[in-house]
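# Notes for the structure review
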Amino acid sequence: MTPAQWMLALWMLITGSINTISTKYADLECVPNYRLTDPPDTCAVPAGNGTAPVNAQACVQGCATFDHPFVQAAGMFLGELMCMTAYRISRLIKTPTEEEESDPFPPWIFAIPAFCDMAGTSIMYLGLTMTYASVFQMLRGSVVVFTGVLSVLFLGKRLLPFHWLGMLLVTLGACLVGISALEVNDDGPKPSNPILGNILIVSAQVVVAIQMVVEEKFLGRYKINALQAVGWEGFFGLIYLSCALVGMYFIPIGLDVCNGRPCVENAIHAFREIAGSPTLAVAVAGNVISIAFFNFFGISVTKAMSATHRMVLDSVRTMVIWAFSLLVAWQEFNYFQVLGFTVLLAGTFVYNEIIQIRCLGGSSEDKLEANLLEEGDTDFDAED
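It should be emphasised that the depicted structure is a prediction, and the values quoted were computed from it without experimental measurement. (Residues numbered from 1 in each chain as written. Predicted model: local features only at pLDDT ≥ 70, side-chain atom pairs only at ≥ 80, totals over all residues. Heavy atoms only, no water.)

Enumeration according to the criterion identifies 13 aromatic pairs in this entry. Between W232 and F236 the ring centres are 6.1 Å apart and the planes differ by 35°, which places this aromatic pair in the tilted class. Of this pair, W232 and F236 are both found in helix α8 (residues 226-250), four residues apart, which corresponds to roughly one turn of the helix. The same class applies to W232 and to F236, which are both buried. Plain terms: the ring middles of F235 and F236 are 5.3 Å apart, the flat faces sit at 80° to each other, and that makes the pair edge-to-face. Under the relative-accessibility criterion, F235 is labelled partly exposed at 33%. We classify F236 as buried; its relative accessible area is 15%. Among the aromatic side chains, those forming a connected cluster through ring pairs are W11, F293, F296 and F297. (Phe/Tyr/Trp six-rings, centres within 6.5 Å; stacked < 30°, edge-to-face > 60°. Helix = DSSP H or I, 4+ residues; strand = E, 2+ residues; numbered from the N terminus. Buried < 20%, exposed > 50% of the residue type's maximum accessible area, 1.4 Å probe, protein only.)

Simply put, disulfide is the name for a covalent bond between the sulfur atoms of two cysteines. The full count for this structure, using the stated rule, is three disulfides. With its sulfur 1.8 Å from that of its partner, C43 forms a disulfide with C63. Judged by the sign of its S-S torsion, about -90°, the bond between C43 and C63 is left-handed. Placement of C43 in the loop between β1 (30-32) and β2 (63-65) and of C63 in strand β2 is noted, with a sequence separation of 20 residues between them. C63 shares its class with C43; the two are buried. Residue C258 pairs covalently with C263 via a disulfide, S to S 1.9 Å. A torsion of 70° about the S-S bond marks the disulfide between C258 and C263 as right-handed. Each bonded cysteine of the protein chain gets a number by its place in the sequence, and the pairs then read 1-3, 2-4, 5-6. (Disulfide = S-S within 2.5 Å.)

Keep in mind that these numbers describe shape and distance, not what the molecule does.
Below you can see the structure in the form of structure tokens.
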């Protein structure tokens, strides 16, 4: 690898890690509880605790943690929208090559994938408020299983035996990681509801897998610059979630409080809390800016090296987040989680052919045969 490639890889790792860490830090930040009639003006972390609290019970009286996952998700889409700016700037700086140039396409084709992205991200961020950041990152790897199954059902793809083995290992690893979140010492840090949080995160991977299948089905016929594609999904996702946040304010159910009555999420309180806490504002800004740069550096890594390098770096990002969580005492060391992540990582590597098992169809001849069978099987494959 050249020095430039090393820098791209390093910045992708840094920005990707910052994204999850800053989002979780914002979730744990103590802010005035505006659900109360007379909340305090400021909230400080209790004496002797140098890091953010692990749950709302760690905040001082009259305060609560920043529990606004849908506002956080909107911030992510704002970050994705910034990729459109990066795309425009790159076109001004240099003339795009034939590979970088996009075919003419109707922007509305991103409407359905963006809706899936909005739903999946919102559910994941909701789950993140209830469990550990490292578990959140590890369980996201289960998307391999759902993407593989849906690609068979709806895209007519044929998976070879090593694909199924990889999916089996990922499933087993995800189960072990999920169980590890339940094994907490009485004196150790405790998330609010790890069982429900883990279920939400894994369920969100079904939506993410649907998004991937929809993108391959409907966007595969066009050649679109990756930064431009991320920007359009951010545009539609931000519109969807902005409208949803308005609706959430008026829907009379949920744990939040809007104008004295229950509601799903009070975005007004969220922005008031952000404005009143410089630390929280930095964390939220870190989420927005890091997701933009993470997409930019990720796409650059794929172009300069390969998609395999990008996937390996994403796995390293999980280890960085886990190490950071241990360092700041967001969680305790758990051997079960190490075992689960190892099995999950092995499954991901097998599925993506980083670890090749020739007796299970990992040879180039078997893959060529599978591709030839796919070409004549269904109408879907003309667009692959």
